[in-house]
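Notes for the structure review
Next come the chains, spelled out residue by residue.
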Amino acid sequence: KVDCPALPAPPLTLFQEQLNGSGDRALSTTMAFVRMLSKLMDQPELGRYIVPIVPDEARTFGMEALFRKAGIYSSEGQKYRPVDSSTLMPYREATDGQILQEGICEAGALASFLAAGTAYAIHGVPTIPFYIFYSIFGFQRVGDMIWSCGDMLCRGFLLGGTSGRTTLNGEGLQHQDGHSQIIASTVPNLLSYDPAFASELAVIIREGIHRMYELQESVFYYITIHNENYAMPPMVDGAAEGIIRGMYRFRAAKPVADRQRKAHLFGSGAIMTEVLRAQTLLETLGVSADVWSVTSYNELCREGLRVERQNHLAPGSKPAKPYVAELLAAEHGVFVAASDYMKSLPLSIARWVPGPYVVLGTDGYGLSESRAALRNWFEVSAEYIAWAALAALHDTVAVSATELGEAAATLGIDQHKPDPA
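A word on the pattern of salt bridges. Across all of its chains, the model carries 19 salt bridges by this definition. Close ionic contact of E303 with R245 constitutes a salt bridge, the shortest N to O distance being 3.6 Å. Of this pair, E303 sits in helix α12 (residues 297–313) while R245 is found in helix α10 (residues 240–245), placing the two residues 58 residues apart along the sequence. Notably, a salt bridge pairs E274 with R375, separated by 3.3 Å at the nearest N-O pair. With E274 in helix α11 (residues 272–284) and R375 in helix α15 (residues 371–377), this pair connects stretches of sequence that are 101 residues apart. This pair shows no difference in class: E274 is buried, exactly as R375 is. Where salt bridges share partners, they join E228, E274, R277, R371, R375 and E383 into one cluster.

Applying the stated criterion across every chain, the model contains zero disulfides. C149 takes part in no disulfide bond, and the closest cysteine sulfur to it belongs to C154, at a distance of 4.3 Å. Given a relative accessible area of 1%, C149 falls into the buried group.

The next point concerns the sheet that holds strand β12 (residues 262–267). Strand order in this open sheet of five strands is β11-β13-β12-β14-β15, and the pairing throughout is mixed. For this open sheet the edge positions go to β11 (247–251) and β15 (357–360), each flanked by a neighbour on one side alone. Neighbour to neighbour, the strand axes of the sheet diverge by 25° on average, direction disregarded. Direction of pairing for β11 relative to strand β13 (residues 288–294): antiparallel, over a ladder of four bridges. Looking at β13, one finds that R249 is bridged to W292. Contacts from α12 reach β11, β12, β13, β14 (334–338) and β15, with the element oriented near 85° to β13. Where helix α16 (residues 382–395) meets the sheet, it contacts β12, β14 and β15, and its direction lies at approximately 155° from that of β14.

The next thing to look at is the side chain of N189. With respect to the secondary-structure elements, N189 resides in the loop between α8 (180–184) and β8 (190–193). The buried category is assigned to N189, whose relative accessible area is 15%. Engagement of the side chain of N189 in a polar contact is seen with the backbone oxygen of G150, the distance being 3.1 Å. Residue contacts for N189: discarding those within four places in its chain leaves G150, L153, S218, V219 and F220.

Here D144 is to be found in helix α6 (residues 139–151). When the C-alpha positions of D144 and A107 are compared, they lie 9.9 Å apart, and in sequence the two are 37 residues distant.

As a further point, take the pairing of β14. With five of five residues buried, β14 is to be regarded as a mostly interior element. Burial of β14 is two-sided: the residues V334, V336 and A338 facing one way and the residues F335 and A337 facing the other way are all buried. Across five bridges, β12 lies against β14 in parallel orientation. Pairing of H264 across the sheet is with F335, part of β14. Pairing between β14 and β15: four bridges, direction parallel.

A few words now on the environment of P44. Structurally, P44 is set in the loop between α2 (29–42) and β2 (50–54). Taking the relative accessible area as the measure of exposure, P44 reaches 67% and is therefore exposed. Each C-alpha atom, one on P44 and one on D3, is 22 Å from the other, the two residues being 41 residues apart in sequence.

So, on to the nonpolar core. Core analysis: the largest hydrophobic core is formed by 113 residues, its most contacted members being F33, F130, F157 and I205. The leading source of residues in this core is α16, at 10 residues. Contact partners of F130, with chain neighbours within four places excluded, come to F33, L37, L40, I50, V51, P52, I53, F157, L159 and I205. Within the second largest apolar cluster, 20 residues are counted, among which are M247, C301, L328 and L345.

Moving on, we get to the sheet that holds strand β7 (residues 157–161). The parallel open sheet is built from six strands, whose spatial order is β5-β2-β6-β7-β9-β8. Across the chains shown, the open sheet's two edge strands, defined by having one partner strand only, are β5 (100–101) and β8. Packed onto the sheet, α6 meets β7, β8 and β9 (220–224) and runs at close to 155° relative to β9.

Basis of the calculations
Residues numbered from 1 in each chain as written. Predicted model: local features only at pLDDT ≥ 70, side-chain atom pairs only at ≥ 80, totals over all residues. Heavy atoms only, no water. Salt bridge = Lys/Arg side-chain N within 4 Å of Asp/Glu carboxyl O. Helix = DSSP H or I, 4+ residues; strand = E, 2+ residues; numbered from the N terminus. Buried < 20%, exposed > 50% of the residue type's maximum accessible area, 1.4 Å probe, protein only. Disulfide = S-S within 2.5 Å. Pairing = 2+ DSSP bridges. Axes fitted to C-alpha atoms, helices over the stretch in contact; angles between N-to-C directions. Contact = heavy atoms within 4.5 Å. Polar contact = N/O pair within 3.5 Å; in protein donor to acceptor, adjacent residues only side chain to side chain. Core = buried A, V, L, I, M, F, W, Y, C linked by side-chain atoms within 4.5 Å.

Now the structure itself:
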């Protein structure tokens, strides 16, 4: 018997800084998350229920700003002078600390997440855990415990930091995650998102608090965040529903003379920067390209399968359309998806895309190389995204063989390189 008070979700305007964008300032979605977490902890209604959890390397995620304000919980207080004691934001342990820093122990940190995320049912206390970790050290190392969280109707946010197979450059096999979003899809009540922008992250976190703590639904969240810095744009008007459902049009194309030379580029997470650059490259080559932000392939796929099931159970009635099919129904041209994850993630929505669909991803092992070299190797750079669109348009006879050959030289495409998979 669950007897726990509901917590009202904060207004979205609490995250106005993220909704407005960062102007010319470059920041990562991880930095945006820490600022949002700080805002939540200052909230009179919610602040005392927030449980930040980190197993290791809190400074990697920019959480040192919270040390002085919130403190790191220790049952015995601080018993030594930390090496950074003379800095502006020193490591600080306290008996009333709010942050749980568990040391290099993902299983221990997950146990804390499970305890905090089920406190609503066991103690009638609606604590809201935010567990941030290196994304590859989540499902790959303690996936069984994450399944256990789902099984026990745990609530809260899992944050896969430094996410993506090409984004955490130089770390090779140990850290480069190209599959946590795919493993996340196996947990039935886990909602997973890969936002590209701070505004998307704000909408998702606010919606998560609303569903888990105001409506008290038995779900929890996995959100991948990144360490790549770029200028964050303001939120697109009316985009909130699409962000939550998994997809919206982020930037429309400039029209070109030949209407048949049309492409749609799907971007997500840190690879969105490459997709936006590919849009510019295609425009210089006379191709009109819309950019769509896909915040969750997993949610799009689940919704599509739900709609198909409903249609199969009600033969003869007017069939409903999956959200993706509805969103893209009036679009023509070719479609190219690029993400920092394996190709099977964007392929999960292929049946509802209304035209030729090319998927680019990071199948294969990571390498210790520069970010640009990794994206070129895995063929998710702007040049390879633009090339994929041109090759697909060539298949529809909208681009000639001569033009395609010239584009290969212009874009620096190696048509004989080894398969990274």
